[in-house]
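Okay, here's what each chain looks like letter by letter:
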2 protein chains.
Amino acid sequence: MKLTILGCYSATPRTFTNPTAQVLESKNHLFLIDCGEGTQVQLRKNKVKFSRIKHIFISHLHGDHFFGLPGLVSTFRLLGRENELHIYGPKGIKEAITLLLKLGDSWTNYLLVFHELESKESELLFEDDKISVRTIPLDHRVYANGFLFQEKPAPRTLDIEMAKKYGIDKSQFNKIKGGADGVSKNGEVVPNKKITSPPPKPKSYAFCSDTMYKESIVPIINKVDTLYHESTFLETEAYLCAKTKHSTAKQAGQIAHKAHVGTLILGHYSTRYKSLELFREEAQQVFPNVELADDGKIFEI
Amino acid sequence: MKLTILGCYSATPRTFTNPTAQVLESKNHLFLIDCGEGTQVQLRKNKVKFSRIKHIFISHLHGDHFFGLPGLVSTFRLLGRENELHIYGPKGIKEAITLLLKLGDSWTNYLLVFHELESKESELLFEDDKISVRTIPLDHRVYANGFLFQEKPAPRTLDIEMAKKYGIDKSQFNKIKGGADGVSKNGEVVPNKKITSPPPKPKSYAFCSDTMYKESIVPIINKVDTLYHESTFLETEAYLCAKTKHSTAKQAGQIAHKAHVGTLILGHYSTRYKSLELFREEAQQVFPNVELADDGKIFEI
């Protein structure tokens, strides 16, 4: 998995900071997560191929998470897109996008499929044989979801050299890849494990923004490799979290700790602070493995 | 008048080119004309004070002319704006903006006043004692207007030295400023013109984008000091103008010529061309005084 941060600052786009948007590359998919104003320019700057984006996940309908979506949908049209586009987001997103397209008499020439969300329970949004995407219900001023991306275990890999050593004919190779044991020239059964190597561990990524501290997400994101959790404020401004339904860096660290995640990435920073390192230091009081998101930064998961 | 080009390229925002937005400063007003995606960042880059914008004019409801508006309206709120904001644009603009605010449960804490347009005749949008703004009906794929900004003649300026020379008491100064003649110590009438100097010539600016060649705008923009007229294409692509309802640089020059304007500024370029100078050269075949808009460029009118 490769995560590219297109924007990770809260509230309003500024000259050198962009609102929330990320691209997650996994199993031949390019998932766009949130789409603040200016996302299409950030996609260009980060050399993301527009046509590879087939699924867009919108956490909630605050402007800094989706005001870049109408422009991106329109640009896809201008670029001559033909592939269908799936948009997952809170109920109302379809009305908003279709109204803007209608007003501009600019209907897309590709199929636009909306998947509107309103459940307060985690639900499956997308699945193929290699990966699944589920919602993570969050607690914000408006209905909001995070998203959990989980790769599925790949089949074990055939070790051709080893198979030859056991005298197994290549006519059996496809069956062995499917899990069957091999049979050597002299009729001896060779257990599958001896002639295959284990697949790489499937990876997982959880995106949680925007939300106040919400412990009920812990079982959903348990043991993910990487958790992106918003940290709009520091503890000195914890009083603002209750009012605005955001989290502090320490709270993000607490969630990471309780969920036994591998790495915590912080983001959605208020621009009132002079250094992002303050966020890392605060989260590390409760969880050691903390990374700081920044626009244009790439994380290998 | 001071015109700042925030963006002047057609279709989609790119790394180094922005969609349409301009700021016109005149008579203590800061008028925002169109608001493509990314306009709020362009405003910051060009150091425009957000709170001074009280009137926003939207030509038409294609994304490259108004997808930056929801974000700007939201940012005004986050910045604690209290002054009312007037938005002039095609019918439907109110529904679009209010739907987006409703979905984000982010109502403005300042008064948002929509002036929806649907007339096909030129109409007065705004007027005070120093300036007026009228629509210029255009011809595009959707309902579209340009905007004509006309300063009103200022009163003549009192020449205090000259008034003293004629022995006129300062108790008369306010009346003289209002147009009255003066009376000298010895009862002699001094004509107003002798003790006042003429005001600077009132300036005018016409913004016309997007539109195909439309000769009926000529009487409306007759003799404006500066005309911004779109030139999406060159004559080599004139066939695209009919289809997309845009203009060539030559057609923009023809309008400027027929309307006897002072200066023609070209803009709304398709990004297919290698040099903007090609647009200038083509327009100059029919009109000599041609300037090229570019993002961040400032024109004194």
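This structure is a prediction, so every number in the text was calculated from the model and none was measured.

Participant: Provide a residue-level description of helix α4 (residues 93-103) of chain B, including the pertinent values.
Facilitator: Within the sequence span of α4(B), burial applies to B:Ile93, B:Ala96, B:Ile97, B:Leu99, B:Leu100, B:Leu101 and B:Leu103. Summarising the contacts, the buried residues of α4(B) are in contact with α2 (63-66) and α4 (93-103) of chain A together with α3 (69-78), β5 (85-90) and β6 (112-117) of chain B.

Participant: Got a sec to walk through the relation of the copies chain B and chain A? Specific residues and values, please.
Facilitator: Once turned by 180° and shifted 0.0 Å along the axis, chain B lies on chain A with an RMSD of 0.1 Å. With respect to symmetry, the two chain copies, as superposed, fit the operation of a two-fold axis. Within chain B, B:Gly38 has its C-alpha nearest the rotation axis, a separation of 3.0 Å. When the interface residues of chain B are mapped onto chain A, 100% of them are again interface residues, pointing to one common binding face.

Participant: Please provide a residue-by-residue account of the domain arrangement of chain A, values included.
Facilitator: Domain boundaries in chain A define domain 1 (2-154 + 200-300) and domain 2 (159-197). Taking only C-alpha atoms into account, the centre of domain 1 of chain A sits 44 Å from that of domain 2 of chain A.

Participant: Go over the nonpolar core, please, and point to the residues and values.
Facilitator: Membership of the largest hydrophobic core comes to 62 residues, with the highest contact counts inside it found for A:Ile56 and B:Ile56. With sequence-adjacent residues up to four places away left out, A:Ile56 is seen in contact with A:Leu32, A:Leu69, A:Leu72, A:Phe76, A:Leu85, A:His86, A:Ile87 and A:Tyr88.

Participant: Give me the lowdown on the sheet that holds strand β9 (residues 145-151) of chain A, citing residues and values where you can.
Facilitator: Residue and element names in this part refer to chain A. If you trace the seven strands from one edge of the open sheet to the other, you get β7-β8-β9-β14-β15-β16-β17, paired in mixed fashion. Two strands close off the open sheet at either side, each with one partner strand: β7 (124-127) and β17 (290-292). Ignoring which end each strand starts from, the neighbouring axes of this sheet average 20° apart. Pairing of strand β8 (residues 131-137) with β9, which is carried by seven bridges, proceeds in the antiparallel orientation. Bridged to Thr135 within β9 is Phe147.

Participant: Just give me the short version of the UniProt feature "binding site: Zn(2+) 1" (unreviewed entry) in chain A, but keep the residues and values in it.
Facilitator: The UniProt entry lists A:His60, A:His62, A:His140 and A:Asp210 under the feature "binding site: Zn(2+) 1" (unreviewed entry), expressed in the numbering used here. Considering the C-alpha atoms alone, the annotated residues occupy 151 residues of sequence yet fold into one spot, their largest mutual distance being 10.3 Å. Mapped onto the fold, A:His60 is located in the loop between β4 (53-57) and α2. With relative accessibility at 0%, the residue A:His60 sits in the buried group. There is a polar contact of 2.8 Å between the side chain of A:His60 and the side chain of A:Ser59. Relative to the assigned elements, A:His62 resides in the loop between β4 and α2. With residues near it in sequence (within four places) discarded, A:His62 still touches A:His140, A:Arg141, A:Val142, B:Gly104 and B:Ser106.

Participant: Could you give an account of the pattern of salt bridges, naming the residues involved and the relevant values?
Facilitator: All names here are of chain A. This structure, assessed with the given rule, holds twelve salt bridges over all chains. Where Asp139 meets Lys245, a salt bridge forms, and the shortest distance between an N and an O atom there is 3.3 Å. Here Asp139, found in the loop between β8 and β9, pairs with Lys245, found in the loop between α8 (238-244) and α9 (249-258); they are 106 residues apart in sequence, far enough to count as distant. We classify Asp139 as partly exposed; its relative accessible area is 26%.

Participant: I'd like a description of the interface of chain B and chain A, backed by residues and values.
Facilitator: In this assembly, 33 residues from chain B lie in contact with 33 residues from chain A. When residues of chain B are sorted by the area they lose upon contact with chain A, B:Glu37, B:Phe67 and B:Leu103 head the list and together hold 22% of the total. Run the count over chain B and chain A and you get zero salt bridges. Here chain B is connected to chain A by six residue pairs in polar contact (both at pLDDT 80 or more). For the side of chain B that touches chain A, the secondary-structure elements that each account for two or more residues are α1 (39-45), α3 and α4 of chain B. Here the side of chain B that touches chain A is built from residues that sort into 13 nonpolar, 13 polar and seven charged.

Participant: Help me get a handle on the pairing of strand β3 (residues 29-35) of chain A, residues and values and all.
Facilitator: All names here are of chain A. In terms of residue burial, β3 counts as a mostly covered element, since seven of its seven residues are buried. The pairing of strand β2 (residues 21-26) with β3 spans six bridges and is classified as antiparallel. By the bridge assignment for β3, Ser26 is matched with His29. In textbook terms, the turn of a hairpin is the stretch between consecutive antiparallel strands, and for β2 and β3 this stretch comprises two residues, one of which, Lys27, has a positive phi near 50°. Sheet analysis places β3 next to β4, joined by four bridges and oriented parallel. By the bridge assignment for β4, Phe31 is matched with His55. In the classification by handedness, the crossover that spans β3, the intervening helix α1 (residues 39-45) and the parallel β4 is right-handed.

Participant: Describe the UniProt feature "binding site: Zn(2+) 2" (unreviewed entry) in chain A, with residues and values.
Facilitator: All names here are of chain A. UniProt tags Asp64, His65, Asp210 and His268 as "binding site: Zn(2+) 2" (unreviewed entry). These residues run over 205 residues, yet every pair of their C-alpha atoms falls within 10.4 Å of each other. Structurally, Asp64 can be placed in helix α2. Judged by relative accessible area, which is 11%, Asp64 ranks as buried. The topology assignment puts His65 in helix α2.

Participant: Tell me what's going on with the packing of aromatic side chains, and back it up with residues and numbers.
Facilitator: One pair of aromatic rings is described through two measures. These are the centre distance and the angle between the planes. Under the definition given, this model contains 28 aromatic pairs over all chains. Between A:Phe31 and A:Phe126, the ring centres sit 6.0 Å apart and the planes meet at 65°, which makes this aromatic pair edge-to-face. On the criterion of sequence distance, the pair formed by A:Phe31 in strand β3 and A:Phe126 in strand β7 is long-range, its members being 95 residues apart. On the basis of relative accessible area, A:Phe126 is assigned to the buried category, the value being 15%. Seen in terms of ring centroids, B:Phe50 and B:Phe76 are 6.1 Å apart; in terms of plane orientation they differ by 90°. Their pairing is edge-to-face. Linking B:Phe50 in the loop between α1 and β4 (53-57) with B:Phe76 in helix α3, this pair joins segments that are 26 residues apart in sequence. By the burial criterion, B:Phe50 is buried, and B:Phe76 matches it. A connected cluster of aromatic rings, assembled from ring pairs, spans A:Phe31, A:Phe57, A:Tyr88, A:Phe126, A:Phe147, A:Phe149 and A:Tyr205. We note A:Arg81 situated over the ring of A:Phe76; from NZ or CZ to the ring centre the distance is 4.5 Å.

What counts and what doesn't
Residues numbered from 1 in each chain as written. Chains lettered and ligands numbered in written order. Predicted model: local features only at pLDDT ≥ 70, side-chain atom pairs only at ≥ 80, totals over all residues. Heavy atoms only, no water. Buried < 20%, exposed > 50% of the residue type's maximum accessible area, 1.4 Å probe, protein only. Helix = DSSP H or I, 4+ residues; strand = E, 2+ residues; numbered from the N terminus. Contact = heavy atoms within 4.5 Å. Least-squares fit on C-alpha atoms with pLDDT ≥ 70 in both. Domains from an automatic or database assignment. Core = buried A, V, L, I, M, F, W, Y, C linked by side-chain atoms within 4.5 Å. Pairing = 2+ DSSP bridges. Axes fitted to C-alpha atoms, helices over the stretch in contact; angles between N-to-C directions. UniProt positions renumbered as here; feature names shortened; annotations may be inferred. Polar contact = N/O pair within 3.5 Å; in protein donor to acceptor, adjacent residues only side chain to side chain. Salt bridge = Lys/Arg side-chain N within 4 Å of Asp/Glu carboxyl O. Buried area = accessible area lost by both parts, 1.4 Å probe. Nonpolar A, V, L, I, M, F, W, Y, C, P; charged D, E, K, R; others polar. Right-handed = clockwise from strand over helix to strand, strands pointing away. Phe/Tyr/Trp six-rings, centres within 6.5 Å; stacked < 30°, edge-to-face > 60°. Lys NZ or Arg CZ within 6 Å of the ring centre and 35° of its normal.

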